[in-house]
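Understanding the architecture of this molecule
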Amino acid sequence: MIALIMGIFAIAWPGVTIAVLVALFAIYVFCDAFGQFHRAFASDRAGPVAGHVLLGVLDIVAGIVALAWPGITAFVLTVWIAAWAVVTGVIEIGSAVASRGTSGLRLSLGLLGVASVLFGIVVFAHPYAGAVSVALLFGLFLLVYGVDLLVTGGRMHRDQQAGGHLDTGATGWTGLGRHADTRRQADRPTSSPR
């Protein structure tokens, strides 16, 4: 939802100054880092933990760099945002491929990664476009990303309501958190002695 709101603001006011763009970018990556760490530590497997921690650390580093140098030029900020988008997108695509979730959920997760990579490529291709263009591109990316996150969350909620198991594999989100073992044991049929 935050991605969607930030995307609307970035598109509605494209004349934002570079300082506001830096702040928007930092806020977004810090929020995303929180989500990545939550997914990492809600997992009951080591593989997803490492990937989500890596994404969370990447988000924190991106936010700190953006805030530490607020006078950064539009070109350097553009390159930084593009690099962040491509790396994050590649990792998200890898998570979707390794996921054991439903095909619809895997598709949604993969689309998040593809949108991120495409955004990064477009920004890399036009680094001199300036802060206004970057704000518009970032806003469009956040709209697509936010809508896809809402759709993915809705699918996960619907699957859980239908009684399905939400184990998405590499994404680390099981829908059960720390109580996964208890739930799995409760789901096993008990054999009666003969």
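Residues numbered from 1 in each chain as written. Predicted model: local features only at pLDDT ≥ 70, side-chain atom pairs only at ≥ 80, totals over all residues. Heavy atoms only, no water.

1. Here we look at the overall build of the protein
Filter applied, for reference: Secondary structure follows DSSP: runs of H or I at least 4 residues long count as helices, runs of E at least 2 residues long count as strands, and numbering of each begins at the N terminus. Each residue gets one of three labels from its accessible area relative to the maximum for its type: buried under 20%, exposed over 50%, partly exposed in between, using a 1.4 Å probe on protein chains only. Here the open area of atoms and residues is found with the Shrake-Rupley method and a 1.4 Å probe, where only the protein chains shown may cover a residue.
Check the secondary structure of the protein and you find 7 helices and 0 strands. When burial is assessed residue by residue, the protein has 41% of its 194 residues classed as buried. As displayed, the protein has an accessible area near 10200 Å², and 72% of this comes from carbon and sulfur atoms.

2. Digging into the confidence of the model for the protein
Inclusion rule: Per-residue confidence from the prediction method is given by pLDDT, with values spanning 0 to 100. Residue contacts are counted whenever heavy atoms from the two residues lie within 4.5 Å of one another.
Residues at a pLDDT of 70 or more form 75% of the protein, whose mean pLDDT is 76. Taken element by element, the predicted model of the protein shows its lowest mean pLDDT in helix α7 (residues 180–187) (49) and its highest in helix α5 (residues 103–125) (86). In this model residues 168–184 is a low-confidence stretch, pLDDT under 50, and it forms 45 contacts with partners more than four residues away in sequence or in other chains.

3. Some thoughts on the layout of surface pockets
As a reminder of what qualifies: Buried and open spaces are told apart on a 1 Å grid over the protein atoms alone, a cavity being a set of points where a 1.4 Å probe fits but cannot get out and a pocket being an open set with protein on both sides within 12 Å along at least five of seven lines. Residues with an atom within 4 Å of a point are the lining residues. Grid points are joined across faces, edges and corners, and a volume is the space filled by probe spheres set on the points. As a working rule, the residues Ala, Val, Leu, Ile, Met, Phe, Trp, Tyr, Cys and Pro are called nonpolar, Asp, Glu, Lys and Arg charged, and the rest polar, with Gly in that last group.
Approximately 790 Å³ is the volume found for the largest pocket. The wall of the largest pocket is formed by 28 residues, among which Asp32, Gly35, Arg39, Leu112 and Leu149 lie closest to the centre. Elements supplying a minimum of two residues to the lining of the largest pocket: α1 (2–12), α2 (18–42), α3 (46–68), α4 (74–98), α5 and α6 (131–161). Sorting elements by how many residues they give to the lining of the largest pocket places α6 first, with 9 residues. Residues of the lining of the largest pocket, tallied by class, amount to 14 nonpolar, 11 polar and 3 charged.

4. Let's talk about α1
One turn of an α-helix holds 3.6 residues; hence residues three or four places apart share an orientation. Defined as follows: In this context, the arc is that of the directions from the helix axis out to the C-beta atoms.
When α1 is considered as a whole, its buried residues turn out to be Ala3, Leu4, Met6, Gly7 and Ala10. The arc enclosing the buried residues of α1, seen along the axis, measures out at 165°, which places them on a common side.

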